[in-house]
Structures are given as structure tokens and as C-alpha cells.
Amino acid sequence: MSNLTRSTILSALAAILIATLCGSAAAQQHITGTLPDGATYVIDVPPIWNGTLLLYSHGYVVPGSANPAMDVGDPITGGYMLAAGYALAGSSYATTGWAVQQAIPDQIATLDVFQTDVGTPITTIAWGHSLGGMITAGLVQEYPDRFNAALPMCGVLAGGVGIWNGSLDAAFAFNTLVAGGSLQVVDITNPDQNLTNAEEVLAGAAATPQGQARVALTAALGDLPGWFDPTSPEPAHNDYAAQIANQFLWLSEVDFPFQFALRAELEARAGGNPSWTTGVNYEEQLKHSVDYAEVRALYAAAGLSLEADLATLQNAQQIQADPSAVAYLSEYIIYNGQLPFPVLTLHTVGDGLVPVEDENAYHRVVDEARDSSMLRQTFVHRAGHCAFTPAETITALQTLDLRLTTGRWQDLKAHDLNHEADLLGSGYNVYINGDSLVPTPPAFLKFEPLPFLRIYDAFTQ
């Protein structure tokens, strides 16, 4: 379905919700404009503003795609927040792709516009999805005086260097063990053809037990979950056939475009390759992966030697990073863990684009900075990247707002969060699945992610 059709359906539903909750959707103030660098912005203010501004940072936009300004992740959530008295704002960023360098100043400039055109907020909360979750955490770090709290959702909270190193590990293993070294994993000169070649090799690997085992090792080095469809139940822990089938979907539909094509956009920004395999012990990496048991089982079933393949990886020509490119990606951005105010994160456990282990990396650096009292992390038992219901998103935001109001964290147990989300009603407990809204109960759970495999932050660089 086209984005236009999906947007039309959701906007219509949002209009109904807003009209129901606050009487007149047309009464809100809607402001748009363009920043000096070409980024656009959008601001929505309800008829009765409660003094809190929510600054939304959107996720990665593939170069060549439309890049409109956004001030909320979905219109159902936006309708609720406007009806509750919150103002919304956000920018498009001046560029697409890995636009952290442009996004952070553009978001601050949008705050400045809001202050001029609307007024000074009493409270400002940063929130965002995916790359926008990373930008949200970046705003916390770079401009702590402009915010009171933050809600990074499904965010790249391991930082730019760590997440791209993890992506390279997976691509390096696939290229070495499955593609016979035929692909470009760094210094990519023809992204479209490179991705096409990778997809063809992946499709061939799916046809044999040996190919499946080696793809499982690829997935494990990137910590990909064995769960893909947000509307399906999680496969059993030992259902390795279902898990590898889901990992093929993650790789072909989501991860390979970043690993074998979109990396070129990052390299152009950074002026070279910011990732490396030198010094990586792949046997140790695998032992700490969430997919370790699956890999061992599939290698045994295929009659392959896992130890021999790991040795092949270890003895292959390793990839060195360009120091200046690492410096660029460190600036845009890695984290120092310093939290001057409350931060609540939200992540699905079955995220194959930004693995849930990113949350462990962020928790670790915040602990190192001795600011763990400011951080709380919540998890949703569902597959998918940013696959939250509006009810779950609203509940997380209300929990963060309650922390600001009371000065202490409350109602963070999974049972309490699910109860609060359920009270919002059936209109918000839905998963947006293409052109349909699937009734979906809240699925907060108690969860502790495994360690992130390629830690790189202010304390470990």
C-alpha cells in the first residue's frame, strides 16, 4: 500500500479521535515553515495548551525518499496528546540518510521557532523513534539546558560507531562464508548492484542446510532475533527452523539494504570507512550472542564445523577503519552517559534493525557516568522495529511525565504499565499493520537484554 493511502486512513482515524476527545480538531494551531538550512518544520498547538512541548525526532529516511517534517510518530498518538493539552513540534532535517549532524541543530532551531511563534514551554520533552531515538539521546547530551526529560524509542543507543561495527561483523561473515568474498562490505562503489548481488546469494543460501547454518552465524553476529512478524507469536526457544526463516526475512527485507547499500551514504558523509574487524574475536562474539544455541544446532544439523568457519573468519583479511571517519561517526554520535534529567527508553524485544541489546549499551554507559538513577528502560514483547501500539507509546510518555511531576519513578512494573495502557481503550490498543488496525493488547514485560556485542562509547573508545 502507498504511504499516501496509509496516511489518509490514519489521518482520518486521528481526526475522529481528536474530535471525540477535545471537541474540535480544527481549533488547534498549525504552523509550518522552513529553516535557513532548508529543513522544514511543523508545530501543532492545542486550543488549551498545558505548557508542555513534545519535540519529536523522526527516523532514518532513505536518500531519494520524501522527507517531510514530522512532529509525532503516528496520528493516533498525536491526536491523543493534542487532546490532552500537549504541543507537538519537529523538523524534517536538512538531509536524508544518516542525518545526525543536521538533525540535532535543526531540532534546536525548531525549538527556537516555537519559542518565538508560540511561547516558552514550561516543560520540554524530547522523544523520537529509531535514528530519531538516537537523535533524542543526542539532544539530551548536547543541549541539556533545553529539555526536562526524554523518551528515546527503539533508539540506536549503542551509538553510531557500535551499531555500524555490529553491522559490519554480520556483513563480513556473510561475505566471507557465504558469498566467497564477492561483495563489497566497505568502500562500496555501486550500492544498488552490491545489494542485488547480496540478495541473490542470500536466496541461494536459503536452499541448503549449510547455507542456513552460515546465515544463522551471520545473524548471530548482528544479534538478529528469530522473530519477524509483529502480529505473530514468538517462536519457541528451540524452534530453530522458524527462527532462521525469520532471520532470512530480517536480512533480506531490512538489514541487507543498510549493510550492502546504505553504508555507502554513511561513508560519503564520514569521508571513508568508519568500521573495522581488526581485533575482533568472533568465537567470543558468538558465545555472547542471543543466537548462540541456534547457530550450534544448525551447524550440527548441516554437518558443518562451526570451529572451522570461525577460524576462517578469524584468518580472513581483516578490515581497518579510516581514523578520520571514526572521528566523524563518534561526533555524530557516541554517548557519555551523562543524564541531567529523567530519561525513559522503550524497545521491542524482537527488533532486528536496532537490536534490543542497544539498551544494554546505553544502560552501561549511564552506569559508568553514575547517572543510573535518571534512567529507566521499558520493553514490549513483540517483534518488529518500533512496533509499538499508540497505547504503549502514550503510557510510556505518561510514565515519564509522572516522574517529572512527582520527582520519583512510579508504576514501572510491567503489570502496571499494561494496566494503564489497557485503560486507554480499544481505539489505542491497536497495531498499525499496513492499511489495517489490528486489535493488540499491551505487551510490556520485565526484560534484561544481553550485552551489546560491539561496545563503543565515551568510556571504551
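Note that the structure is predicted; figures quoted are calculated from it, not measured.

Analysis parameters
Residues numbered from 1 in each chain as written. Predicted model: local features only at pLDDT ≥ 70, side-chain atom pairs only at ≥ 80, totals over all residues. Heavy atoms only, no water. Buried < 20%, exposed > 50% of the residue type's maximum accessible area, 1.4 Å probe, protein only. Helix = DSSP H or I, 4+ residues; strand = E, 2+ residues; numbered from the N terminus. Pairing = 2+ DSSP bridges. Right-handed = clockwise from strand over helix to strand, strands pointing away. Expected span 1.5 Å × (residues − 1). Contact = heavy atoms within 4.5 Å. Core = buried A, V, L, I, M, F, W, Y, C linked by side-chain atoms within 4.5 Å. Axes fitted to C-alpha atoms, helices over the stretch in contact; angles between N-to-C directions. Left-handed = near helix turned anticlockwise from the far one by under 90°. Disulfide = S-S within 2.5 Å. Phe/Tyr/Trp six-rings, centres within 6.5 Å; stacked < 30°, edge-to-face > 60°.

This brings us to the pairing of strand β3 (residues 52-57). Summarising burial for β3: six of the six residues are buried, a large majority. Side chains of β3 alternate between two faces, with Thr52, Leu54 and Tyr56 and Leu53, Leu55 and Ser57 buried alike. For β3 and strand β5 (residues 123-129), the ladder comprises six bridges, and the chain directions are parallel. Bridge pairing in β5 places leucine 53 opposite threonine 124. One ladder, built from three bridges, connects β3 with strand β4 (residues 87-91); its direction is parallel. The residue bridging leucine 54 from the neighbouring strand is leucine 88, located in β4. The β-α-β motif built from β3, the intervening helix α2 (residues 75-83) and the parallel element β4 has right-handed crossover chirality.

Moving on, we come to helix α7 (residues 209-221). Given a rise of 1.5 Å per residue, 13 residues ought to cover 18 Å, and the 19 Å separating the end C-alpha atoms of α7 matches this to within 8%. Looking at α7, one finds that the buried residues are Gly211, Ala213, Val215, Ala216, Leu217, Thr218, Ala219, Ala220 and Leu221. At its buried positions, α7 is contacted by α5 (160-177), α6 (191-205), α8 (240-270), α9 (282-287), α10 (292-302) and α11 (306-315). Positive backbone phi, approximately 55°, marks aspartate 223, located one or two places after α7.

For the rest of this paragraph, the subject is the environment of histidine 129. Mapping histidine 129 onto the fold places it in strand β5. Sequence spacing of histidine 129 and asparagine 360 is 231 residues, and the spatial spacing of their C-alpha atoms is 17 Å.

Below, the discussion takes up the nonpolar core. Most often, soluble globular proteins have nonpolar side chains that are buried together. One finds Trp98, Val100 and Tyr362 to be the most contacted residues of the largest nonpolar core, which totals 60 residues. Counting residues per element, this core draws most heavily on helix α3 (residues 100-117), at seven residues. Not counting residues up to four positions away in its chain, the partners in contact with tyrosine 362 are Ala137, Leu157, Tyr335, Leu339, Val343, Thr345, Leu375 and Gln377. Counting residues in each nonpolar core, the second largest holds 42 residues, with Ala198, Phe260, Val280 and Leu313 among its members.

One can describe the packing of helix α14 (residues 390-406) onto helix α15 (residues 414-423) by two numbers: an axis separation of 9 Å at closest approach and a directional angle of 115°. The element α14 and its partner α15 pack so that their crossing is right-handed. Across the interface between the two elements, Ala391, Thr395 and Thr399 from α14 touch Leu417, Glu420 and Ala421 from α15.

Further remarks concern the sheet that holds strand β6 (residues 149-153). Across the sheet, nine strands lie side by side as β1-β2-β4-β3-β5-β6-β7-β8-β11; this open sheet has mixed pairing. The sheet is open, and its two borders are formed by β1 (29-34) and β11 (444-445), each paired with just one other strand. Against the sheet, helix α13 (residues 358-368) engages β7 (343-350) and β8 (375-383), with an angle of about 175° to β8. Along the sheet, α14 makes contact with β3, β5, β6, β7, β8 and β11, crossing β6 at roughly 155°.

What follows concerns the state of the cysteines. For the structure shown, the criterion picks out one disulfide. Disulfide pairing is shown between cysteine 154 and cysteine 386; the S-S distance is 2.0 Å. Negative torsions about the S-S bond denote left-handed disulfides, and the value of about 105° found for cysteine 154 with cysteine 386 makes this one right-handed. With cysteine 154 in the loop between β6 and α5 and cysteine 386 in the loop between β8 and α14, the pair connects residues that are 232 residues apart, well separated along the chain. Overall, cysteine 154 belongs to the buried group, its relative accessible area being 0%.

At the junction of tyrosine 332 and isoleucine 333, the peptide bond is cis and its omega measures out at 5° in the coordinates. As for its placement among the helices and strands, isoleucine 333 is situated in the loop between α12 (323-331) and β7. At aspartate 187, a position not held by glycine, the phi torsion is positive, near 50°. Tracing the sequence through the fold places aspartate 187 in the loop between α5 and α6. At aspartate 223, a residue that is not glycine, the phi angle is positive and equals roughly 55°.

Between its first and last C-alpha, α14 extends 24 Å over 17 residues, near the 24 Å set by a 1.5 Å rise per residue. Within α14, 12 of the 17 residues are buried, leaving the element largely enclosed by the surrounding structure. Buried within α14 we find Pro390, Ala391, Glu392, Thr393, Ile394, Thr395, Ala396, Leu397, Thr399, Leu400, Asp401 and Arg403. In the stretch just after α14, glycine 407 is the one whose phi turns positive, near 85°.

Time to look at the packing of aromatic side chains. This model, assessed by the stated rule, comprises 14 aromatic pairs. Between phenylalanine 228 and tryptophan 250, the aromatic rings sit 4.9 Å apart at their centres with planes inclined by 75°, giving edge-to-face as the arrangement. On the criterion of sequence distance, the pair formed by phenylalanine 228 in the loop between α7 and α8 and tryptophan 250 in helix α8 is long-range, its members being 22 residues apart. Each member of the pair, phenylalanine 228 together with tryptophan 250, is buried. Each residue in the set Phe174, Phe256 and Phe260 is aromatic and connected to the rest through ring pairs, giving one cluster.

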